[in-house]
Structures are given as structure tokens and as C-alpha cells.
Amino acid sequence: GPQSFMDDDSFLDEEIRRANEELFNDNLKPALQIFDSLILKFPGHPGALYGKAKVLDRLSTKYKNNQMLQDAIEAYRVVLKLEDKADDKIYREAGERCVQLLRFGGMLAQAVPIHRNLIRRFPNDPEVRNQLAVTYLMQNRYAEAKYILHHTLMRWRDNGFAQVHYGFILKVHDNDLKSAVALLREGIASEANGTQDGRFYFTLGDALYRLGEKEEAMEVYKKGADLKLFPSALQRSLYNVNGLKAQPFWTPEETTYEKELSILQRNWELIQKEGLTAMKIPGYYEDEAESLRDKGNWKQLELFARGYRIEKNCAKTPLTCNIIETFPAARTCKRGQVKFSIMQPGTHVWPHCGPTNCRLRAHLGLVVPPGAKIRVGTEERTWKAGEWLIFDDSFEHEVWHNGISPRLVLIVDVWHPELTEDQRENLSRI
Ligand code: LMR
Ligand code: MN
């Protein structure tokens, strides 16, 4: 064979080049064969092991197969176990790709030791530390994420990526608006990789608004919209399907669900009764948990969420839940909820946008005293008992209740009517 004319090194180089060419041309089987036979001949060779891992990685993406994902992760781990025998480039790429696959597979805890090894190997590179912070954030381990970001910023004061992530946590988790604004502002202005993200524009604008800096907030929103991080300055949802009809308010006819909506409407007094009765049982209605409230008291009783029926709550409001069961666009809405919403007088809800343009939010008025109103986009409206008020909550909306007795509505999220069956089935849950 050709190897008799060459030393091992040039044979290896040539074979790896050939295998990478197959890989580049998406000929995964031949590439795998070459790497496998190299590994047999030269056990523990970093380039061959890394090449094999890349092929398995590509196979798992191509066939969307879980066992293949596991195999690819394992193959990268084999490379990482070589430690100093693998050069910096291979070690780093294997580690970073292994982390990405573990994140993709939801195996976040297993990624942490890999991050730790990368940090040990590349102690002077803030990026490997930032990636550990991202994994912690994905796990909702805010304290640990903060700790590592804080230390990164002590040493790399101007690291934009660390700034936006630290600022994001300070706002969303700690409600420390002032520090959040300072960090998000500077991090976004750095335009560093990973900083031009809708979440950071969204969060900076919100923090500015709440601090009374409304003009700067609007500028941030306009810039985010210009960068196409969300559909528009007033429609700041982050999980979107492009091209869906977008307007603040909708009529029942426009939703195409007129029939199902009118069944609920005809039963509004029954629904009202169930919502009010459930209020008397302590522990069912829960405080609004997204810190959208400026002041006041606002509680909700969830019947369906993310496409799941919540049995414990439906047991208290069976008729309402049974009607929803006959309303597929609500029942199957994986990007929304069905819930009673009770708002006490003296409540103000900060302007905010829902997470997705894939749903419309229909409110059935149940108990509607004077003094309650909602702004969606630039228009204010009020509810009426027994009537629908339908809006697209991806548009900025704000709620006030300045009356003297509680307001109760049933909130029914429905799929945006322009989404196909296929999209309704395959969109991720929110
Ligand atoms: C909202 O969706 O933010 C509010 O409109 C809910 C409510 O109870 O008014
Ligand atoms: Mn809302």
C-alpha cells in the first residue's frame, strides 16, 4: 500500500485530509471508515479521534437520532480525555462542540465539568468562562452564573458578552434596575459577539422605562426593531413566525374562531360562577409571577398551560374546562394558557409584551366594574361583562384598575389563525 512509501506521519496527514474531504462533501460513511481504520492503526491519535467525533456529530444532526447524539458526545469526550496529547485547537473545538450537543440534548449538568476543563486549559480567555455562565443560565442557576460573570468582569471590565448577561440577570432575577441598565447599555454598545440579542434590548428597554427613562427606552426598542430582533418597536415578542398578520386588536370574526368563542360567550355566567367560587378556596388563585406589576394585586387561576390541561384546577372549574375541550385552537395552544384573571383595584401593570406572535389573547369579561382599562399598542379599551376583548399580546400592553371592586376575566389564548396544522403541531412550547 501507499504507506510503504511514506512515514507514519505523512500517511496520517494524508488520510486525515482525505477523510475531511469526504466529510466536507457530506460523504459521512466513507469518512467514518477512514477515521475508524486510522484509530485501529494509531490508537489514541487526537486528529483521528476528533475526526470520528465530527462525523458522528454530523450523523446525529442529519438523522435527528438520540443514540447518535449520545455517540457523538461520547466521541468528543474521548478526545477531551487525551488532555495535553490533544493540541489547543482540537481540545477547544471538541470541548465547545460537546457542550453544544449536551445543551441541545438538555444534559446541562454534564456540560459543567467540560466548561471547567476548558477554563483550566484556557485561563486567559474570557469566552470559555462566558460559556459556563450561559450553561448556568440555561439551568436557572442564577447565583452561579452571577458569580462567574462577576469574576470575569473584575478581570475583563469591558467584556460586552459578560456585561449583557450579568445585566440581564440583575434585571430579571434581582430587579436591580440601575445596575442592570448600566451593564446592558454598555454591553449592547460594545456590539461584541452575542450582545445583539432581542432579550437584551427587550430587558434594557423595560428597565429604562421603569426607571422613568421612557425616551431612551423607546430608542432601544426602535434600534432592536431596526436590527430585526423583534417585529417592531411596539411588538417585541422574541419567539415569532414571520409574516403573520399583526394588529393590536382583533374581532371574533377576524380570529376565524367565531363559533367556539360564541359558545363560551353564551355560557359566560356559568363561567363567571366557577371563577368566583374557586376564589373562595384558598390556594387556587396564584400571584402573577413575572413581576409585571408596578403596584396592586393580580392573581390567576390556570386551567390550561402550554397545551396541557391542569387537572387540579379544572376539578374546581369543570364546566369551563369542558367547553375549552371543544375549542381545539385553545385546547392545543402550546404557546399560551387558559386562565381566570382577577385584578384588584389599585393595580397597575407595567407596559410589556408577550413572548410570541403565534397566539391571540381573548378576554371574556366576567365581572367588570368601572375603572379598569387596557392599552394595546396605542389604543385603550375596556372590558364588558359577557363580551370578548381580543388582542395580540405580542404588542405592548398596559393595564390599570382604578376602580373600587375587583375585575374578573377569563383569558383564552388561541393559535394565530394563519398558522398551519403542521406549525401548531411542531412549534415548541412556551
Ligand atoms: C395581560 O395579559 O397582561 C393582562 O391583560 C391580563 C389581565 O388580567 O388583564
Ligand atoms: Mn400580558
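Notes on the structure in this doc start here. (Residues numbered from 1 in each chain as written. Chains lettered and ligands numbered in written order. Predicted model: local features only at pLDDT ≥ 70, side-chain atom pairs only at ≥ 80, totals over all residues. Heavy atoms only, no water.)

With respect to the overall build of the chain
Alright, step 1. The helix and strand inventory of the chain stands at 19 helices and 13 strands.
Alright, step 2. On the principal axes, the C-alpha backbone points of the chain span a range of 90 × 45 × 40 Å.
Alright, step 3. Expressed as a percentage of the 430 residues in the chain, the buried residues total 50%.
Alright, step 4. Restricting the contact set of the chain to residue pairs at least 6 apart, pairs at least 24 apart contribute 66%.
Alright, step 5. Roughly 21000 Å² of accessible area belongs to the chain as shown, and the carbon and sulfur atoms make up 51% of that amount.
Alright, step 6. Computed over 59 positive and 60 negative side-chain charges, the inter-centroid distance for the chain is 4 Å. (Helix = DSSP H or I, 4+ residues; strand = E, 2+ residues; numbered from the N terminus. Buried < 20%, exposed > 50% of the residue type's maximum accessible area, 1.4 Å probe, protein only. Contact = heavy atoms within 4.5 Å. Areas by Shrake-Rupley, 256 points an atom, 1.4 Å probe, with all protein chains shown as cover. Lys, Arg positive; Asp, Glu negative; His and termini not counted. Charge placed at Lys NZ, Arg CZ, Asp CG, Glu CD.)

A word on the state of the cysteines
Alright, step 1. Applying the stated criterion across every chain, the model contains 1 disulfide.
Alright, step 2. Between the sulfur atoms of Cys314 and its disulfide mate Cys321 the distance is 2.1 Å. Given an S-S torsion of about -80°, the disulfide between Cys314 and Cys321 has left-handed geometry. The two residues Cys314 and Cys321 agree in class, both being buried.
Alright, step 3. The cysteine Cys353 is free of any disulfide, with Cys358 supplying the nearest cysteine sulfur at 15 Å.
Alright, step 4. Judged by its relative accessible area of 8%, Cys353 is buried. (Disulfide = S-S within 2.5 Å.)

Notes on the coordination of the manganese ion (ligand 2)
Each donor-metal-donor angle in an ideal tetrahedron of four donors is 109.5 degrees, and each such angle in an ideal octahedron of six donors is either 90 or 180 degrees.
Alright, step 1. Within the protein, the manganese ion (ligand 2) binds to His352 (NE2) and His397 (NE2); these donor distances fall in the range 2.2 Å. Separated by 45 residues along the polypeptide, His352 in strand 7 (residues 347-352) and His397 in strand 12 (residues 397-401) bring together distant segments of the chain. Taken individually, His352 and His397 each receive the classification buried, so the pair is uniform in this respect. (Donors = N, O, S within 2.8 Å, 3.2 Å for Na, K, Ca; no water.)

Brief notes about the side chain of Asn130
Alright, step 1. Assignment of secondary structure puts Asn130 in helix 7 (residues 126-138).
Alright, step 2. Relative accessible area serves as the criterion here: at 0%, Asn130 is assigned to the buried category.
Alright, step 3. When near neighbours in sequence (up to four residues on either side) are disregarded, Asn130 contacts Leu149, Thr152, Asn159, Phe161 and Ala162.

Overview of unusual backbone geometry
Alright, step 1. A positive phi angle is found at Asn175, which is not glycine, with a value near 55°.
Alright, step 2. Here Asn175 is to be found in the loop between helix 9 (160-172) and helix 10 (177-190).
Alright, step 3. Phi is positive for Arg306, which is not a glycine, with a value near 55°.
Alright, step 4. On the secondary structure map, Arg306 appears in the loop between strand 4 (298-305) and strand 5 (308-309).

What to know about the sheet that holds strand 7
Pairing between sheet strands relies on hydrogen bonds along the backbone, with the strands arranged either parallel or antiparallel.
Alright, step 1. Across the sheet, which stays open at both edges, the 5 strands sit in the order 3-7-12-9-10 with antiparallel pairing between neighbours. Because the sheet does not close on itself, it has two edges, and the strands there are strand 3 (293-295) and strand 10 (379-381). Averaged over all adjacent pairs, the angle separating strand axes in this sheet is 20°, with direction ignored.
Alright, step 2. Across 4 bridges, strand 7 lies against strand 12 in antiparallel orientation. (Pairing = 2+ DSSP bridges. Axes fitted to C-alpha atoms, helices over the stretch in contact; angles between N-to-C directions.)

Comments concerning a negative patch on the surface
Alright, step 1. Judged by side-chain charge, Asp7, Asp8, Asp9 and Asp13 come together as a negatively charged surface patch.
Alright, step 2. Residue Asp8 is classed as partly exposed on the basis of its relative accessible area of 45%. (Patch = residues over 30% accessible without salt bridge, like charges linked within 9 Å, V, L, I, M, F, W, Y side chains within 5 Å. Salt bridge = Lys/Arg side-chain N within 4 Å of Asp/Glu carboxyl O.)

Remarks on the pattern of salt bridges
Oppositely charged side chains may form a pair once their charged atoms are brought near each other.
Alright, step 1. Counting across every chain of the model gives 34 salt bridges.
Alright, step 2. For Arg236, the salt bridge is made with Glu396, and the minimal N-O distance between the two is 2.9 Å. One end of the pair, Arg236, is in the loop between helix 12 (214-226) and strand 1 (249-250); the other, Glu396, is in the loop between strand 11 (388-391) and strand 12, and 160 residues separate them in sequence. Per residue, the accessibility class of Arg236 equals that of Glu396, and both read buried.
Alright, step 3. Among the salt bridges present, the one from Glu380 reaches Lys373, with a minimum N-O distance of 3.4 Å.
Alright, step 4. Using a relative accessible area of 28% as the deciding quantity, one classes Lys373 as partly exposed.
Alright, step 5. Salt bridges sharing common partners tie together Arg236, Arg375, Glu396 and Glu398.

Quick look at the nonpolar core
Alright, step 1. In this structure, Leu38, Val55, Ile73, Tyr76, Leu102, Ile114 and Leu204 are the most contacted members of the largest nonpolar core, which totals 78 residues.
Alright, step 2. Residues contacting Ile114, with those up to four places away along its chain left out, are Arg77, Leu80, Gly95, Cys98, Val99 and Leu102.
Alright, step 3. Membership of the second largest hydrophobic core comes to 39 residues, among which are Val241, Tyr284, Trp388 and Val414. (Core = buried A, V, L, I, M, F, W, Y, C linked by side-chain atoms within 4.5 Å.)

Topic: the site of ligand 1
Alright, step 1. Ligand 1 sits among Trp298, Ser341, His352, Arg361, His363, Ile374, Trp383, Phe391, His397, Val399, Arg407 and Ile411.
Alright, step 2. His397 is positioned such that a nitrogen or oxygen atom in its side chain is 3.1 Å from an oxygen atom of ligand 1.
Alright, step 3. Take Arg407: an N or O atom from its side chain is 2.7 Å from an oxygen atom of ligand 1.
Alright, step 4. Starting from 270 Å² of accessible surface for ligand 1 in isolation, the protein chains cover 99%.
Alright, step 5. Of all elements in the fold, only strand 8 (359-367), strand 12 and strand 13 (407-415) reach the threshold of two or more residues within the shell around ligand 1.
Alright, step 6. Classifying every residue of the shell around ligand 1 by side-chain character gives 6 nonpolar, 4 polar and 2 charged. (Near = heavy atom within 4 Å. Polar contact = N/O pair within 3.5 Å; in protein donor to acceptor, adjacent residues only side chain to side chain. Nonpolar A, V, L, I, M, F, W, Y, C, P; charged D, E, K, R; others polar.)

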